Every structure is written in structure tokens, then in C-alpha cells.
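Chain by chain, the residues run as shown.
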Amino acid sequence: MPIGIPTVSPEPTGRRSTMRIGILGAGNMAEALGTQWARAGHEVVIGARTTAKATALADRIGPPARAAAGLRAAAENADAVLLAVLYEAVPEVLDAAGDALRDRPLLDCVNGIVHPGVTLAAGGGPSVAEQIAARSGARVVKAFNLCHESVWRRTPPHFDGRPLTVPLCGDDPDALATARALVTGLGCEPVEAGGLDRAGLLEATAAFAIGLYLAGADPQAVFPPVAYAVG
């Protein structure tokens, strides 16, 4: 599937308009996306490495967000899970959630980036998303990793009158349908950018864009409009 070409897949029947979303993490990305989903009426259940952090975030978001009694409890019975922690914390968090993640749709917004130099922590090995899938057994979709958390606090995330496009990389049709629904609910446009084997490209794109931002350049200015993309 060529990257950048939107595709529409049939939505599974019986999908609920509201979901129970487990969020693993209590940082800025967890707060930004969790707040938006709670406002949309989703049940947001937050798990963190300490109950105090989960409770504090749930209080900041407000109902219907609530804190879970640990990472595993946040993932249990969730229609979707968002993993929003630092790359270095991923193994510990996944192990704490345990088999509650197995076969569950998991949205991965983690960027493993090494500073200075803005290089990928994964190097030439499996992408962060592939590492997460292998360790957790979840149906992973790479999403939301290209923008700073402040973007996800915008209601909606539109720029110059255009909705933000959110690329998704994943292999499981149902997990992708769940991701599309959550992206659309933010006022953004989902685009399927290939299987999980292409998630490394999204992670590299994030590192490339961050490097340009830090250099004072505009990543959007690197690429021509679609009409001129193929000559």
C-alpha cells in the first residue's frame, strides 16, 4: 500500500460509538489525547507506574476519566489502549500490563529518539512499534507520533483551514478501524500508510522533522504539493 494514499476499509459491524480507552502513561501525550477522548464521551481509564500519577491525571482531565489500580487494570477490558510513555520505560510498562494487552488494539505514539543528534534509538533494528508488538502480543497501530503534544490539545487540530492528517501503520484490520475512529473523532483525517513493517518509516520521519525544527527549518517546506509530487 503506497504511503500517503488514503484508503477506506469496511468498518466492522457492531462498533460502539463510544469506547473504553486504557491509557498507559500519565505524561503530556496521555493528558492531551485523553482529554480529547474524554470530552468526546469515551471512558478513559488511566494507568501509570504509580497510582498517584494516574489519579492526578484523571483529576486534571475530569469525568469520565478515572484512574485504574495499576497498568494492568487500565488495559483490561479496554476497546483500545494508548501507550504514551518514554521509550526507555516501554519494557517496564508492557511487562506490568502483562497479558491484558494480548490481542488488544494498541495505539503506539512512542518515539525512541536519542539526543543530541536526533537519531533513532532502535538504530537499524526493529522499530519501536515492532518491539512493542513482539513483547506484548497486542495488535499494534503506530499513530500520533509525528506531532508535539500541544497539537493534540487543539480543538480541532486544524491548520490554515485544513484538518491534520494522521498516518497509521498496522496489520490488523480491526485495530486499524479502531484507530481510524479515534483519529476522526479528534477532527483529523486518518490515512493508512502500510503495515507495521512501515512503522519504522514513521519513526524516522519524526526524527527527521524534529531535526529540521531544531535547525529552524519548516518540514512542510521540504515537500511540494501533491499536484507536483510525481512531475
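Preceding block: the structure.
Residues numbered from 1 in each chain as written. Predicted model: local features only at pLDDT ≥ 70, side-chain atom pairs only at ≥ 80, totals over all residues. Heavy atoms only, no water.

Peer 1: Summarise the nonpolar core; cite the residues concerned and give the values.
Peer 2: Ranked by size, the top nonpolar core spans 37 residues in total, and within it Trp37, Phe144 and Trp152 carry the most contacts. Breaking this core down by element, the ones donating at least two residues are β1 (20–24), α1 (28–39), β2 (43–47), α2 (51–61), β4 (80–83), α6 (149–152), β11 (165–170) and α7 (173–185). Among the elements that make up this core, the one with the highest residue count is α1 (6 residues). If sequence neighbours within four positions are ignored, Trp152 has contacts with Met29, Ala32, Leu33, Gln36, Phe144, Cys147, Leu164, Val166, Leu186 and Cys188. By size, the runner-up hydrophobic cluster in this structure holds 30 residues, among which are Val85, Leu101, Val110 and Ala133. (Core = buried A, V, L, I, M, F, W, Y, C linked by side-chain atoms within 4.5 Å. Buried < 20%, exposed > 50% of the residue type's maximum accessible area, 1.4 Å probe, protein only. Helix = DSSP H or I, 4+ residues; strand = E, 2+ residues; numbered from the N terminus. Contact = heavy atoms within 4.5 Å.)

Peer 1: Tell me what's going on with α2, and back it up with residues and numbers.
Peer 2: Of the residues making up α2, those classed as buried are Ala54, Leu57, Ala58 and Ile61. An end-on view of α2 places all buried positions within 100 degrees of arc, on one side of the element. Structural note: α2 exposes Ala52 and Asp59 on the side pointing more than 90 degrees away from its buried face. Taken together, the buried residues of α2 touch α1, β2 and β3 (66–67). (Arc of directions from axis to C-beta.)

Peer 1: How would you sum up the pattern of salt bridges? Please name residues and give values.
Peer 2: By the definition in use, this model includes 13 salt bridges. Glu31 serves as the salt-bridge partner of Arg60, at 3.3 Å between the closest nitrogen and oxygen. On the criterion of sequence distance, the pair formed by Arg60 in helix α2 and Glu31 in helix α1 is long-range, its members being 29 residues apart. According to the relative accessible area criterion, Glu31 is buried, its value standing at 15%. Measuring nitrogen to oxygen at the nearest pair gives 2.9 Å for the salt bridge that ties Lys142 to Glu203. Note that Lys142 is positioned in strand β8 (residues 139–142) and Glu203 in helix α8 (residues 199–214), a separation of 61 residues in sequence. (Salt bridge = Lys/Arg side-chain N within 4 Å of Asp/Glu carboxyl O.)

Peer 1: Describe a nonpolar patch on the surface, listing the residues and the values that go with them.
Peer 2: On the surface, Phe208, Val222 and Phe223 cluster together to form a nonpolar patch covering roughly 320 Å² of accessible area. Residue position: Phe223 is located in the segment after α8. (Patch = residues over 30% accessible without salt bridge, like charges linked within 9 Å, V, L, I, M, F, W, Y side chains within 5 Å. Areas by Shrake-Rupley, 256 points an atom, 1.4 Å probe, with all protein chains shown as cover.)

Peer 1: For the packing of α1 against α2, give the residues involved together with the corresponding values.
Peer 2: Two elements in contact, α1 and α2, have axes separated by 10 Å at closest approach and are oriented at 45 degrees. The orientation of α1 with respect to α2, classified from their angle, is oblique. The two elements α1 and α2 meet at a crossing, and its hand is right-handed. Along its contact with α1, which presents Ala30, Glu31, Gly34, Thr35 and Ala38, the element α2 presents Leu57, Arg60 and Ile61. Taken together, the residues that form the contact of α1 with α2 break down as 4 nonpolar, 2 polar and 2 charged. (Axes fitted to C-alpha atoms, helices over the stretch in contact; angles between N-to-C directions. Parallel < 35°, antiparallel > 145°, perpendicular 65-115°, else oblique. Left-handed = near helix turned anticlockwise from the far one by under 90°. Nonpolar A, V, L, I, M, F, W, Y, C, P; charged D, E, K, R; others polar.)

Peer 1: Tell me about the packing of aromatic side chains, residues and numbers included.
Peer 2: How two aromatic rings sit relative to each other is set out by the distance from centre to centre and by the angle between their planes. Counting across every chain of the model gives 2 aromatic pairs. Taken together, a centroid distance of 5.9 Å and an interplanar angle of 70 degrees make the contact between Trp37 and Phe144 edge-to-face. In this pair, Trp37 sits in helix α1 while Phe144 sits in the loop between β8 and α6, placing the two residues 107 residues apart along the sequence. Taking relative accessible area as the criterion, Trp37 reaches 2% and is therefore assigned buried. Their ring planes at 90 degrees and their centres at 5.1 Å tell us that Phe144 and Trp152 sit as a pair that is edge-to-face. Here the aromatic cluster, defined as three or more aromatic residues joined through ring pairs, consists of Trp37, Phe144 and Trp152. (Phe/Tyr/Trp six-rings, centres within 6.5 Å; stacked < 30°, edge-to-face > 60°.)

Peer 1: Requested: an account of the pairing of β1, with residues and values cited.
Peer 2: For β1, the tally of buried residues reaches 5 of 5 residues, placing the bulk of the element in the interior. Burial along β1 is two-sided: Arg20, Gly22 and Leu24 and Ile21 and Ile23, pointing in opposite directions, are all buried. Summarising the sheet, β1 and β2 pair through 5 bridges and their orientation is parallel. If you follow Ile21 over to β2, its bridge partner there is Val44. Once the chain exits β1 it traverses α1 before rejoining the sheet at β2, and the crossover so formed is right-handed. As defined by bridge partners, β1 adjoins β4 across 4 bridges and the pair is classed as parallel. Opposite Gly22, over in β4, you have Val81 as the bridge partner. (Pairing = 2+ DSSP bridges. Right-handed = clockwise from strand over helix to strand, strands pointing away.)

Without other data, these values stay purely geometric and don't point to any function.
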